[in-house]
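Residue-level listing of the chains:
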Amino acid sequence: MQTINIMIVGVGGQGTLLTSRVLGKIALTGGYDVKLSEVHGMAQRGGSVVTYVRYGDSVAEPIVEEGQADILIAFERLEALRYAHFLKPTGAIIVNDTRIDPMSVVIGAAEYPEHILENLQKKYKVLAVDATAEALKLGNPRVFNTIILGVAAQHMDFSKEEWLQVIADTVPPKTIEINQKAFLTGYEYGKNNTDEGQE
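Described below are features of the structure shown in this document. (Residues numbered from 1 in each chain as written. Predicted model: local features only at pLDDT ≥ 70, side-chain atom pairs only at ≥ 80, totals over all residues. Heavy atoms only, no water.)

1. A closer look at helix α6 (residues 144-152)
Now for step 1: By the criterion of burial, α6 is predominantly enclosed, with nine of the nine residues buried.
Now for step 2: For α6, the full list of buried residues reads F144, N145, T146, I147, I148, L149, G150, V151 and A152. (Buried < 20%, exposed > 50% of the residue type's maximum accessible area, 1.4 Å probe, protein only. Helix = DSSP H or I, 4+ residues; strand = E, 2+ residues; numbered from the N terminus.)

2. Considerations on the environment of K35
Now for step 1: Considering the arrangement of structural elements, one finds K35 in strand β2 (residues 33-40).
Now for step 2: Its relative accessible area of 26% is what places K35 among the partly exposed residues.
Now for step 3: Along the backbone, K35 and V59 are 24 residues apart, and their C-alpha atoms lie at a distance of 6.7 Å.
Now for step 4: Every residue in contact with K35, bar those within four places of it in the chain, is listed here: Y52, V53, R54, V59, A60, E61 and P62.
Now for step 5: In this structure the side chain of K35 is engaged in a polar contact, spanning 3.4 Å, whose partner is the side chain of D33.
Now for step 6: Among the polar contacts made by the side chain of K35, one reaches the main-chain carbonyl oxygen of V59 at a distance of 3.0 Å. (Contact = heavy atoms within 4.5 Å. Polar contact = N/O pair within 3.5 Å; in protein donor to acceptor, adjacent residues only side chain to side chain.)

3. Brief notes about unusual backbone geometry
Now for step 1: A positive phi angle is found at H115, which is not glycine, with a value near 55°.
Now for step 2: Along the chain, H115 falls in the loop between α3 (103-106) and α4 (116-121).
Now for step 3: Residue classification places H115 among the exposed positions, given a relative accessible area of 52%.

4. Let's talk about the pairing of strand β5 (residues 87-96)
Now for step 1: Most of β5 is tucked away, with eight of its 10 residues classed as buried.
Now for step 2: Relative to β5, strand β4 (residues 69-74) is paired through five bridges, and the arrangement is parallel. Along β5, the bridge assignment pairs I73 with I94.
Now for step 3: Read as a crossover between parallel neighbours, the route from β4 over helix α2 (residues 77-83) to β5 is right-handed.
Now for step 4: Of the pairings in the sheet, the one linking β5 to strand β6 (residues 125-129) comprises five bridges and is parallel in character. Along β6, the bridge assignment pairs A92 with K125. (Pairing = 2+ DSSP bridges. Right-handed = clockwise from strand over helix to strand, strands pointing away.)

Just geometry here; none of it tells us what the structure is for.
Laid out in structure tokens, this is it:
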């Protein structure tokens, strides 16, 4: 099997590291060689955070090069735009349709770009979901990242049951039920919308 390259991008405090741990564990469950790496832009909450997950028969190094990502999971629109050039032509962006202003925008030194998703869709296959709103419906806004993971699961060859078990093994025990509900919410959304995006 050829190596699958996944990037998870977001801002500090959005759960990128937990998401990469779930992805790493499910790949191990599938019997694959797995490499994980994380890169922090600014270490505090609100700074850009990137994690790489690579899995396959034999994976030499953890870093995903530009133009090599099969899946870009973005927890915020601007982060999707910032890292879209890492995607393969055949890759897909799964993006949380939400806005978090970086410090440069907050202090007035820059403007938040308009029409990010529309511009990305001109070049890439993009599946956007307002996972933050969906997480609020479930009663816990923090599980939006697990909803995004459920959407992204449609692009990987693991069963729903395998995902649910790995989530149960990875998240804090008190949050297993809500995280599994969140995953299933995203999983169904992804199943119903995966063919949309780029024409």
